[in-house]
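Per-entry structural report
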Amino acid sequence: MQAPDKREPSTRQNRRFEERFERFLWGSRFLVMAAVIPSLLGAFLLFIIGTLDICEIVIDAAAYYFLGQGVDIHETVVPNIVIAVDIYLVAIVLLVFGLGVYRLFVSPIEQAEDYAPKHPFNVESFDQLKDKIARVVILAVIIEFFRAVVDIRFQTPLDAIYLAVSVLALAGAIYLMSFSHQK
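The text that follows walks through the structure, step by step, so that each part is easy to find. (Residues numbered from 1 in each chain as written. Predicted model: local features only at pLDDT ≥ 70, side-chain atom pairs only at ≥ 80, totals over all residues. Heavy atoms only, no water.)

Our focus in this paragraph is the pattern of salt bridges. For side chains of opposite charge, pairing can occur when their charged atoms come near one another. Across all of its chains, the model carries two salt bridges by this definition. Residues Arg-103 and Glu-124 are paired through a salt bridge, measuring 3.5 Å at the closest nitrogen-oxygen approach. Of this pair, Arg-103 sits in helix α3 (residues 77-105) while Glu-124 sits in the loop between α4 (110-115) and α5 (126-150), and the two are 21 residues apart along the sequence. Relative accessible area serves as the criterion here: at 11%, Arg-103 is assigned to the buried category. With a relative accessible area of 58%, Glu-124 lands in the exposed category. (Salt bridge = Lys/Arg side-chain N within 4 Å of Asp/Glu carboxyl O. Helix = DSSP H or I, 4+ residues; strand = E, 2+ residues; numbered from the N terminus. Buried < 20%, exposed > 50% of the residue type's maximum accessible area, 1.4 Å probe, protein only.)

Quick look at the structure:
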């Protein structure tokens, strides 16, 4: 007669504990929703702000040209539009981040999957998400650079040379970025 295996009940109990703990660990992926929801809300808010800024520019331009009212818009229209574009780009970063994190950690987004495999929201890895976000951030930095360039008042000829070198470096960065994207 065989003696009963005393380890068997504890092994079953360990297995049940392990299954529960793994279920808890798997469910903890929903913690990323603490980043996804605010990112999407922030993107929504920034899209509204950018749109309102553009509408304000249009209203100011219409008032200046058609009604002869308001201040001269020639000094402010380009910087204000550049600022609005910058706001849109930050909104896009938040949108790509929120949806990309959701897709990677919670669940693929079926509509995005069906739409196009190369859609910005269809990321296959965290590195791919970082790459997409980095590209949009670089674009936002470029826009911010051009906004700063619009406000530059040259004091010396050296300032113009610095600007030329900066634009050349920026063009080189854009070229390298597009070159790496082709690979």
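This brings us to the packing of aromatic side chains. Throughout the structure, instances matching the rule amount to five aromatic pairs. Pairing Phe-21 with Phe-24 gives two aromatic rings, centres 6.2 Å apart and planes at 35 degrees, and the pair type is tilted. In this pair, Phe-21 and Phe-24 are both assigned in helix α1 (residues 7-27), three residues apart and thus about one turn of the helix distant. For Phe-21, a relative accessible area of 42% puts it in the partly exposed group. Both rings, one in Phe-105 and one in Phe-126, keep their centres 6.2 Å apart while their planes meet at 70 degrees; by these two values the pair is edge-to-face. Remark: Phe-126 occurs in helix α5 and Phe-105 occurs in helix α3; sequence separation between them is 21 residues. Phe-105 gets classed as partly exposed once you look at its relative accessible area, which sits at 37%. Through successive ring pairs, a cluster of aromatic residues spans Phe-17, Phe-21 and Phe-24. (Phe/Tyr/Trp six-rings, centres within 6.5 Å; stacked < 30°, edge-to-face > 60°.)

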